[in-house]
Amino acid sequence: MAECLSIFDGFSKKGASFPSMQCACFHQLALCRKRISTSFVSYKYTLKKVSHTQRSLQALADTATGPNMTTPRQHVANLVKEALGSLFPDDDGMEPLVAACTNKFGDYQCNNAMGIWSKIKGKSSDFKSPNAVGQGIAKALPASPLVDKVSVAGPGFVNIILSNSWVEERIHNMLVDGVATWAPNVGVKRAVVDFSSPNIAKEMHVGHLRSTIIGDSISRMLEFCNVEVLRRNHVGDWGTQFGMLIEYLFEEYPQWDGSSEEHAVDKLQELYKASKKRFDEVPIFKEKAQQAVVLLQGGDERYRKAWQQICSVSRKEFDQVYKRLKVSLEEKGESFYNPYIPAVIQELDSKGLVAESEGAKVIHLEGQNIPLIVVKKDGGFNYASTDLAALWYRLNVEKAEWIVYVTDVGQSLHFEMFFTAARRVGWLPKGTRELPRTTHVGFGLVLGLDGKRFRTRSTEVVRLVDLLDEAKSRSKQGLIDRGRDDEWEADELEQAAEALGYGAVKYADLKNNRTTNYTFNFDQMLDVRGNTAVYLLYAHARICSIIRKSEKDIEELKRIGNVNLVHENERVLGLHLIRFPEIIEDALTDLLPSILCEYLYNLSEVFTKFYSTCKVVGSEEETSRLLLCEATAVIMRKCFSLLGITPLYRL
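The structure contained in this document is the topic of the report that follows. Given the structure is predicted, the values throughout are model-derived calculations rather than measurements.

### Observations regarding unusual backbone geometry
Line of reasoning, step 1. Cis geometry is found at the peptide bond from Leu435 to Pro436, where omega equals -5°.
Line of reasoning, step 2. For Pro436, the location among the structural elements is in the loop between helix 16 (412-425) and strand 12 (437-443).
Line of reasoning, step 3. Residue Ser197 is not a glycine yet carries a positive backbone phi of 50°.
Line of reasoning, step 4. Relative to the helices and strands, Ser197 resides in the loop between strand 5 (190-194) and helix 8 (206-224).
Line of reasoning, step 5. In the Ramachandran plot, Leu591 falls in the positive-phi region, its phi being about 50° despite a non-glycine side chain.

As structure tokens, then:
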């Protein structure tokens with residue numbers, strides 16, 4: 001029991017998926033089967049979690065249509081489901097519990113036996129123990145070219161070993177037809193991913209990095225699965241701060257007419273700080289700023305023109321950052337949804353959800369100590385009213401089936417209350433896995449080496465452009481130190497430095513479970529050893545070098561050759577490759593890009609072991625092993641693409 005709990009603790013700290021935890025735990029249980037009676041508590045806990053994951057995946061795939069493929073895990077689950085149906089025809093709701101394993105017992109494991117035994121124990125049955133149930137499932141599995149061997153361990157764990165020929169054919173077909181054929185079903189046709197969302201008139205800082213790259217990676221994974229993704233940049237471009245900023249601008253630059261971007265508009269950050277200081281300290285200015293908001297929202301030409309000018313300057317700054325990160329977004333900010341707010345509030349009111357509270361309009365929610373304010377006591381709107389209007393638009397106009405919000409975990413309560421209000425009004429179903437659905441993707445803080453929020457020495461928030469500049473500069477110097485400036489053209493050196501620097505920053509963030517804080521450390525993220533983007537990019541470049549040195553036409557080999565998994569490490573590599581679509585499933589089930597990062601790093605390690613024991617160039621198995629090299633490179637490149645990292649073919 002202690003061993004199982006230790007496994008759970010270790011996996012949870014790594015942010016591992018429940019199937020991984022489940023397999024490790026069940027392996028330990030099988031080894032300790034003499035103490036099985038003491039392991040039922042651990043089993044039931046694991047079973048509950050695995051069942052949750054299975055149901056989540058099923059909910060994602062139930063309505064799936066299109067060209068997407070069935071993963072190996074789904075193939076095995078289908079066989080198990082058929083076996084369960086033949087054994088227990090009266091129990092239609094029995095779902096297969098199947099997970100990938102890395103132990104010697106099998107490639108996949110069915111873990112239904114103990115759950116079934118707990119239901120039928122003491123009743124009239126042909127099965128006298130959990131092991132007997134497992135044996136029955138194993139015998140009832142229909143014949144399939146997928147399966148090579150089946151065995152039963154301990155209290156009915158059905159271990160399934162895949163056929164080498166099936167794995168070989170699957171890899172070869174991917175090489176011929178393309179990795180897109182491995183895209184799994186997620187059961188959603190159109191999704192909105194709301195991410196990045198900086199504030200107009202403020203520079204993007206390191207805090208925007210997490211939302212931007214996490215949202216981009218989630219969008220890329222959904223797009224890979226043939227989901228139409230509406231990438232939305234919900235910028236803060238409306239509200240009191242603009243009256244404050246514009247009024248300060250007019251006072252400091254009375255001759256400014258909005259016809260150009262001269263004078264102070266090119267220094268928006270300084271302007272904002274100065275205007276905020278005056279707003280807090282000078283009551284008369286505060287009154288003028290509040291009146292400016294009224295004029296702006298009322299459509300006053302001079303104030304509206306100044307606002308548009310400020311937004312234009314900020315957009316240019318944002319676009320430069322997005323271009324460097326290779327992130328695409330469509331802006332629909334707070335101002336876009338503002339015209340929809342009154343009708344939305346009216347609908348909420350007409351359904352009896354809105355109440356008066358101290359002059360404000362609020363929605364009281366069960367289980368919450370505070371209400372959701374939708375109209376402030378001064379009659380103004382807030383984040384909740386804007387978010388409700390945006391949700392209405394996304395559901396009714398954009399027809400989104402899944403809306404994902406990527407913000408820091410500090411906003412979790414806001415989204416919980418906001419989603420609850422949307423369910424009460426009938427916009428969302430009561431079941432959180434039914435469509436349409438909403439999900440808040442929360443993330444932790446970026447910390448400095450001192451363990452505090454990452455800031456400059458002057459305690460300012462770190463500007464994102466400065467961070468990217470330093471990442472590129474350090475990467476370029478590293479390449480120069482290795483003599484690449486003498487071997488490469490200047491353009492190639494610049495491109496490699498960008499790929500390494502920006503990739504290192506992205507991967508260092510994405511490899512962590514997004515819900516936790518992480519420490520920003522240039523030395524660690526740019527290390528050529530260990531779990532870093534730099535190491536992985538070098539690993540990919542080495543694979544490309546192996547293929548180049550063979551002087552073989554890889555496209556011709558795809559046409560005439562075959563993949564043969566003879567050596568043990570060839571098979572381990574092949575099995576890891578075909579599990580790629582399952583990793584995408586798992587990453588999207590919990591919206592955790594870290595799952596994909598873990599897979600990518602493990603793939604590089606598995607390949608290294610293969611290459612160290614299996615000679616490639618000049619061997620009798622050269623064609624097959626070159627195809628395995630190519631398959632690995634293809635999957636690595638797709639992983640890089642889904643993480644927003646540019647692959648390098650030589651380093």
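### Observations concerning helix 17 (residues 464-481)
Residues separated by three or four positions in an α-helix point in the same direction, a consequence of the helix having 3.6 residues per turn.
Line of reasoning, step 1. Spanning 18 residues, helix 17 covers 26 Å between terminal C-alpha atoms, matching the ideal 26 Å at 1.5 Å per step.
Line of reasoning, step 2. Every buried residue of helix 17 is accounted for by Leu464, Leu467, Leu468, Ala471, Lys472, Ser475, Gly478 and Leu479. Angular distribution of buried residues about the axis of helix 17 spans 130°; they occupy a single face of the element.
Line of reasoning, step 3. On its buried side, helix 17 packs onto helix 8, helix 12 (301-325), helix 18 (484-487), helix 19 (490-510), helix 20 (522-525) and helix 21 (533-550).

### Re the sheet that holds strand 3 (residues 147-153)
Note: strands within a sheet are paired through backbone hydrogen bonds, in either parallel or antiparallel orientation.
Line of reasoning, step 1. Across the sheet, four strands lie side by side as 1-2-4-3; this open sheet has antiparallel pairing. Looking at strand neighbours, the two that pair on one side only are strand 1 (98-100) and strand 3, the edges of this open sheet. Strand-to-strand twist across the sheet, computed as the mean angle between neighbouring axes with direction ignored, equals 25°.
Line of reasoning, step 2. Alignment of strand 2 (residues 108-110) against strand 4 (residues 157-162), held across three bridges, turns out to be antiparallel. The residue bridging Cys110 from the neighbouring strand is Val158, located in strand 4.

### Observations concerning the sheet that holds strand 9 (residues 360-363)
Line of reasoning, step 1. Taken in spatial order, the three strands line up as 8-9-10 in an open sheet, and their pairing is antiparallel. Of all strands in the sheet, those with a lone pairing partner are strand 8 (354-357) and strand 10 (372-375), marking the two edges. Here the average twist between neighbouring strands, direction ignored, is 45°.
Line of reasoning, step 2. Note: strand 8 against strand 9, four bridges, orientation antiparallel. Looking at strand 9, one finds that Val354 is bridged to Ile363.

Basis of the calculations
Residues numbered from 1 in each chain as written. Predicted model: local features only at pLDDT ≥ 70, side-chain atom pairs only at ≥ 80, totals over all residues. Heavy atoms only, no water. Helix = DSSP H or I, 4+ residues; strand = E, 2+ residues; numbered from the N terminus. Expected span 1.5 Å × (residues − 1). Buried < 20%, exposed > 50% of the residue type's maximum accessible area, 1.4 Å probe, protein only. Arc of directions from axis to C-beta. Contact = heavy atoms within 4.5 Å. Pairing = 2+ DSSP bridges. Axes fitted to C-alpha atoms, helices over the stretch in contact; angles between N-to-C directions.

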